[in-house]
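Structural overview for review
What follows is the residue order along each chain.
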Amino acid sequence: MVSTYTRILFCVLILCLPRISMGQDLNELIKQKPFAIQGTFGIGMGNYFSSGIAPRARSFSYLFNGMPSLSVYGVNFPFSVVVSDQQRSFRQPFNQYGMSPRYKWITLHAGWRNIEFSPFTLSGINFLGGGVELNPGKLRFGLIYGRFNKAIEEEIQPLAFAQTPAYKRMGYSVKLGAGTEANHFDFILVKAKDDSTSLKTRPILSGISPAENVVVGIASRWTLFKRILLDLEASGSLYTRDLYADTIGSKGEFKKVNFLKGLMAINTSTQLLSAGQASIGYRGTGYSLKLQYRRVDPDYKSMGAYYFETDVENYTINGDVSILKNKIRLNGSLGFQHDNILKDKLATSNKNIGSLGISYNLIRFGIDLRYSNYGLTQSRGINPIIDTIRIARTNHNLSIVTRYGFGNASIPQSLVLTGNLQSLVDLNRKTAGQTETNSKTGNLSYQLALTKLAISFNAGFNYAVSDLLTMKSEIYGPTIGIDKQFLKGKALLNTALSYQQQKNNHIDAGNIFSGNVNGSYRISKRDALNLSLSYLKSNSPDNLTPTFDETRTNLNITHRF
């Protein structure tokens, strides 16, 4: 059943909206070159060798790629060409190309475009068509029209790579408002409909039916006293999922909105749903506070947008403060969310989300500490919940980053220590043994630069441990790297080595050693050469996992024109 709240909201919005029946600045255009071409192309080749396992790549490979871009009066037409031992392709991204030329307060849209009028109405749908936006003074007007979906026939024998069938969908959207970006009030209408005759045969396997949709919404923003910011978005969506469904009589649930039948088809598959969000924020000197509310009905849809998280209502408060001349910053948030808005589910899921962050920064020393938790519980819906399957869990996450810089301008040095702790606590004793997990990670890194010699050095040590059911897994090991510049920066050589040891329940599970060397040379302002060599050695203590090694080399030459 449609809630009274939804019915009233939609009626108010549609009565307030007037009935409507249906990039780049041109000032700069004359300054652009009428014709220009630029881009890059490259040639590469590589070798691969392995022992102990079946090859995971070809022994010899080559690649030619080019990305030329044609410019006509500042409008770019990019191309992409790829020729290799595994694929050959030629792509023109402007097969879905569009433009939005602008002159003073007039903006035109043509081709493939995605435009947003408000989050719950027209919000990023990719359409083929045209439109105009006019913003003279305080007037805010927008109009777009085009094809939202192209017709795609259903495959007789559907394959994994087959496209989902679809009816041809045409639609338009209108925005009419007043104000500026900081203070405005807009009405938005979206109207779209599938062409039921656009497919030769009606899809059977997919169960897709032609649909129709009308969405009416408002979007506003107000800045008060330069410190208070108010945001409001609300919309009502009348969505007919199947144009072939049975019609409804005068005693149907849409009796009070029968006047809408002149706007679109209404039948037994029609849904009237709403969505909205509001926030109020205050920004003071060195601190801010914001309250947010969001509510989206179950199965809320708009043909002007791709996806919404539906059947959700949440309340959020967040804020931040800076003290001691911004040396210390604190920020945090607290939110409460639940589903089952219409009270028609067997259970209601409740989520509590909170986070707190503290940052302390001096010239050479700094520390960031952050804690967050995500709690999920269930309460009774239509029926009571059985204790053995009741969900009651909390995820804890604690992270810390500590950094210390020392040395001087000629030999700068730094130490960075990071750590992370994650745990899932199951409050249901009957399921805790199968769900609880714990993981810890840590990394210590050191960096040194010899500025006069153009050499930098880095070293680190990683450690990670995770507990899941009866398995405790540990992975740890060092890394080291060196970078060196030659010929006043024209050439660069860097190398890196790493070693990782793994243990499962304190038993040796093998180790991995890897190393790579990269060298690059800038031949000219437009040409560059790159050579890389990598080696990997995996050792296993048993016959379950093979011991193997791999070697890869790659040579690439690029040219920019």
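Let us look at the structure shown here. (Residues numbered from 1 in each chain as written. Predicted model: local features only at pLDDT ≥ 70, side-chain atom pairs only at ≥ 80, totals over all residues. Heavy atoms only, no water.)

Both strand β10 (residues 123-134) and strand β11 (residues 139-149) contribute to a ladder of 7 bridges, which runs antiparallel. Within β11, the position partnered with G129 by the bridge is G146. In sequence, β10 turns back onto β11 through a hairpin of 4 residues, with G137 there showing a positive phi of about 65 degrees. Bridging between β11 and strand β12 (residues 168-179) involves 10 bridges; their strand directions are antiparallel. In the sheet register, L139 faces β12, and the bridge partner there is A178. (Pairing = 2+ DSSP bridges. Helix = DSSP H or I, 4+ residues; strand = E, 2+ residues; numbered from the N terminus.)

To continue, consider unusual backbone geometry. Phi is positive for K325, close to 55 degrees, though the residue is something other than glycine. Position of K325 among the secondary structure elements: in the loop between β18 (312-323) and β19 (328-338). K325 sits in the exposed class, given a relative accessible area of 82%. The backbone of N340 sits at a positive phi, close to 60 degrees, despite the residue not being glycine. Note on placement: N340 falls in the loop between β19 and β20 (347-361). On the accessibility criterion, N340 (2% relative accessible area) is buried. (Buried < 20%, exposed > 50% of the residue type's maximum accessible area, 1.4 Å probe, protein only.)

The subject of this paragraph is the pattern of salt bridges. All told, the structure shown has 13 salt bridges when counted by the stated rule. Close ionic contact of R140 with E181 constitutes a salt bridge, the shortest N to O distance being 3.1 Å. Taken together, the residues R140 in strand β11 and E181 in the loop between β12 and β13 (184-195) connect sequence positions 41 residues apart. For R140, a relative accessible area of 7% corresponds to the buried category. For R221, the salt bridge identified is with D231, shortest N-O distance 2.7 Å. Here the residue R221 occupies a position in strand β14 (residues 212-224), and D231 occupies one in strand β15 (residues 228-240), the gap between them amounting to 10 residues. Each of R140, E181 and D186 takes part in a single network of salt bridges with overlapping partners. (Salt bridge = Lys/Arg side-chain N within 4 Å of Asp/Glu carboxyl O.)

As a further point, take the packing of aromatic side chains. Between two aromatic rings, the relevant description is the distance of the centres plus the angle of the planes. For the coordinates displayed, the defined rule picks out 12 aromatic pairs. Between Y404 and F406 the ring centres are 5.4 Å apart and the planes differ by 20 degrees, which places this aromatic pair in the stacked class. Judged by relative accessible area, Y404 falls into the partly exposed class, the value being 40%. With relative accessibility at 24%, the residue F406 sits in the partly exposed group. Above the ring of Y239, the side-chain terminus of K301 is found at 4.7 Å from the ring centroid. The ring of F486 has K484 lying over it, and the distance from NZ or CZ to the ring centre is 5.4 Å. (Phe/Tyr/Trp six-rings, centres within 6.5 Å; stacked < 30°, edge-to-face > 60°. Lys NZ or Arg CZ within 6 Å of the ring centre and 35° of its normal.)

Mapped onto the elements, V132 comes out in strand β10. When the C-alpha positions of V132 and I106 are compared, they lie 7.3 Å apart, and in sequence the two are 26 residues distant. In this structure, V132 is in contact with I106, T107, L108, H109, F141, G142 and L143, ignoring residues within four places of it in sequence. (Contact = heavy atoms within 4.5 Å.)

Within the largest apolar cluster, 23 residues are counted, with the highest numbers of intra-cluster contacts made by L122, I144 and Y300. Broken down by secondary-structure element, the contributors of at least two residues to this core are β10, β11, β13, β14 and β16 (270-284). No other element matches the 3 residues that β13 contributes to this core. When sequence neighbours within four positions are dropped, the list of residues in contact with Y300 reads F120, V215, S235, S237, L273, S274, A275, F308 and T310. (Core = buried A, V, L, I, M, F, W, Y, C linked by side-chain atoms within 4.5 Å.)

Moving on to the side chain of E313. As for its placement among the helices and strands, E313 is situated in strand β18. Here E313 sits buried without a salt bridge, and the closest side chain of opposite charge, R295, lies 4.3 Å off (N-O distance). Among the polar contacts listed, one links the side chain of E313 to the side chain of Y315, at a separation of 3.5 Å. At 2.8 Å, the side chain of E313 forms a polar contact with the side chain of H338. (Lys, Arg positive; Asp, Glu negative; His and termini not counted. Polar contact = N/O pair within 3.5 Å; in protein donor to acceptor, adjacent residues only side chain to side chain.)

That is the geometry; function is a separate question.
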